[in-house]
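Spelled out from the first residue to the last, the chains are:
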Amino acid sequence: RRSASASAAVTMLLTRCAYGLLGRGMASGALRSLFSTSTYVHKPGEGQVKTVTLLPGDGIGPELTDCVERVVGVLKAPLVFEKFDSISGANSDGTPVEEVPNDLIESLKRNKVCIKGTLWAKLYEQNTNTQSLNVLLRKELDLYVNLVHCFSIPGVETRHGETPLDITIVRENTEGEYSGLEHEVVPGVVESLKVITERSSRRIAEYAFEYATMNNRRKVTAVHKANIMKLGDGQFLSACREISSSYPNIEFEEMIVDATCMKLVSTPEHFDVLVTPNLYGNLVSNLCAGLVGGAGMCPGANVGRDPSIAIFEQGARHVARSLVGKNLANPTAMLLSTAMMFRHLQWPSFAERLESAIFRVLKDPANHTVDINGSSSTSTYMDAIVRELRAR
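Notes on the structure follow. (Residues numbered from 1 in each chain as written. Predicted model: local features only at pLDDT ≥ 70, side-chain atom pairs only at ≥ 80, totals over all residues. Heavy atoms only, no water.)

Structural notes on a nonpolar patch on the surface
Piece 1. The grouping of Val 185, Val 186 and Val 189 at the surface amounts to a nonpolar patch, some 220 Å² of accessible area in total.
Piece 2. Relative to the assigned elements, Val 189 resides in strand β7 (residues 189-192).
Piece 3. Its relative accessible area of 41% is what places Val 189 among the partly exposed residues. (Patch = residues over 30% accessible without salt bridge, like charges linked within 9 Å, V, L, I, M, F, W, Y side chains within 5 Å. Areas by Shrake-Rupley, 256 points an atom, 1.4 Å probe, with all protein chains shown as cover. Salt bridge = Lys/Arg side-chain N within 4 Å of Asp/Glu carboxyl O. Helix = DSSP H or I, 4+ residues; strand = E, 2+ residues; numbered from the N terminus. Buried < 20%, exposed > 50% of the residue type's maximum accessible area, 1.4 Å probe, protein only.)

Next up, the structure:
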């Protein structure tokens, strides 16, 4: 009996010590070492070194991917990068690059995973039909899902104050207004074709409901303009309705895109998962990014089915050329995208460590970059991230 009492006393003492550490912000590691019973049972081979394609892109892309390389090194994650420094969205004379380089495509097909900065090319007046290299890359690999996760982070001031926001946009990534089919019928009259197919509508709706199911989400909202584009958006909406019937545990609603934008500004907490055609998804993703702090805060990914390639990048794609070389870029979105990549690679512990470090660093306004009303530089922010990672 005395032994049992002593054991109980020791257990209580350890518990109090751990929760005392919690109050000082040190408990996550202490509690995990003392009481954690969770274990990730990996498949044989998952811990082997993997090669990831790294495409820094244009603008602040190289500065942000440097941040990714730094945290990967500190975490000692078992990966190496195959880096493509020389690829840009524009040629040296400013004209747009019109084909995805073959060596990049081969790398992506071989490695299956990529971290990417945004590729940029200005509007080229002599050839307005040319699609950006970003679009060409997604089409070449049939990366039909663009997933953007916009959520508020404690310590970062948002438009809606204390109201927590957590919205995921699942955007069709290969057709719609981005089909690139435009022509001038007669001088001064241009036709631009919006292509909506049943196949693409069904598979993006299926992905949205799968995502909701696998991420404990409660509702999927289909964003459309079928009241005006009755055939095109009507087909998209019809596919969403059909797919929703296979997921009775997920609430389904339909909302016209203009009403969606208004409601996102007024009561964004109404939304959970949004599934959209291509153009609406671009608009809504950037709107949601603005709600939670801006383009530097939201991670994103592009995925497809065959081949199983995933590209991770900022959810709101901005090259921010005005910030190049000023040490002012916000790496948060790119680092959160890296955490997404870790989970995709079946490395959840690396994802959790990185996300925890980001959240702890952002609780202190001294670490906020200029885009979220702070004065920290990129390097100061990253130094804080590295300290957090090394401390735990």
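More follows now that the structure is in view.
Some remarks on the sheet that holds strand β10 (residues 273-276)
Strands belonging to one sheet form pairs held by backbone hydrogen bonds; the direction of such a pair is parallel or antiparallel.
Piece 1. Taking strand neighbours across the sheet as the criterion, the 10 strands line up as β2-β1-β3-β12-β11-β4-β5-β10-β8-β9 in an open arrangement whose pairing is mixed. The outermost strands of the open sheet, each flanked by one partner alone, are β2 (79-83) and β9 (251-256). Neighbour-to-neighbour, the strand axes of this sheet turn through a mean angle of 25°, independent of strand direction.
Piece 2. Alignment of strand β1 (residues 50-55) against β2, held across five bridges, turns out to be parallel. (Pairing = 2+ DSSP bridges. Axes fitted to C-alpha atoms, helices over the stretch in contact; angles between N-to-C directions.)

A closer look at the packing of aromatic side chains
Piece 1. As enumerated under the stated definition, the model contains six aromatic pairs in all.
Piece 2. Measuring from ring centre to ring centre gives 5.4 Å for Phe 209 and Tyr 247, while their planes differ by 25°; the resulting arrangement is stacked. You can see Phe 209 sitting in helix α6 (residues 198-214) and its partner Tyr 247 sitting in the loop between α7 (232-244) and β9, a full 38 residues away along the chain. This pair shows no difference in class: Phe 209 is buried, exactly as Tyr 247 is.
Piece 3. Ring plane angle 45° and centroid distance 6.0 Å describe the contact between Phe 209 and Phe 252, whose orientation is recorded as tilted. Note that Phe 209 is positioned in helix α6 and Phe 252 in strand β9, a separation of 43 residues in sequence. (Phe/Tyr/Trp six-rings, centres within 6.5 Å; stacked < 30°, edge-to-face > 60°.)

Let's talk about the pairing of strand β4 (residues 145-151)
Piece 1. β4 sits mainly inside the fold: seven of its seven residues count as buried.
Piece 2. Alternating positions in β4 separate into two faces, Val 145, Leu 147, His 149 and Phe 151 on one and Asn 146, Val 148 and Cys 150 on the other, with burial throughout.
Piece 3. In terms of strand pairing, β4 meets strand β5 (residues 166-172) through seven bridges, oriented antiparallel. Each residue of the ladder has a partner; that of Phe 151, found in β5, is Asp 166.
Piece 4. Alignment of β4 against strand β11 (residues 299-303), held across four bridges, turns out to be antiparallel. Looking at β11, one finds that Leu 147 is bridged to Ala 301.

Side note on the packing of helix α3 (residues 61-75) against helix α12 (residues 378-391)
Piece 1. Put simply, α3 and α12 touch, their axes get as near as 10 Å, and they point 15° apart. Considered as vectors, α3 and α12 are oriented roughly parallel to each other. In this structure, α3 crosses over α12, and the sense of that crossing is right-handed. Packed against α3, whose contacting residues are Cys 67, Arg 70, Val 71, Val 74 and Leu 75, the element α12 presents Thr 378, Ser 379, Met 382, Asp 383, Ile 385, Val 386, Leu 389 and Arg 390 at the interface.
Piece 2. Counted by class, the contact of α3 with α12 contains eight nonpolar, two polar and three charged residues. (Parallel < 35°, antiparallel > 145°, perpendicular 65-115°, else oblique. Left-handed = near helix turned anticlockwise from the far one by under 90°. Contact = heavy atoms within 4.5 Å. Nonpolar A, V, L, I, M, F, W, Y, C, P; charged D, E, K, R; others polar.)

Section: the nonpolar core
Piece 1. By size, the foremost hydrophobic cluster in this structure holds 68 residues, and its most contacted members are Leu 335, Met 341 and Phe 342.
Piece 2. Counting 19 residues, the second-largest nonpolar core is a separate cluster that includes Leu 165, Ile 169, Val 284 and Cys 288. (Core = buried A, V, L, I, M, F, W, Y, C linked by side-chain atoms within 4.5 Å.)

Notes on unusual backbone geometry
Note: most peptide bonds trans; most residues except glycine with negative phi.
Piece 1. One non-glycine residue, Lys 112, adopts positive backbone phi at about 75°.
Piece 2. Its location among the elements puts Lys 112 in the loop between α4 (102-111) and β3 (113-116).
Piece 3. Overall, Lys 112 belongs to the partly exposed group, its relative accessible area being 31%.
Piece 4. For Asn 373, which is not glycine, the phi torsion reads 65° and is therefore positive.
Piece 5. As for its placement among the helices and strands, Asn 373 is situated in the loop between α11 (348-362) and α12.

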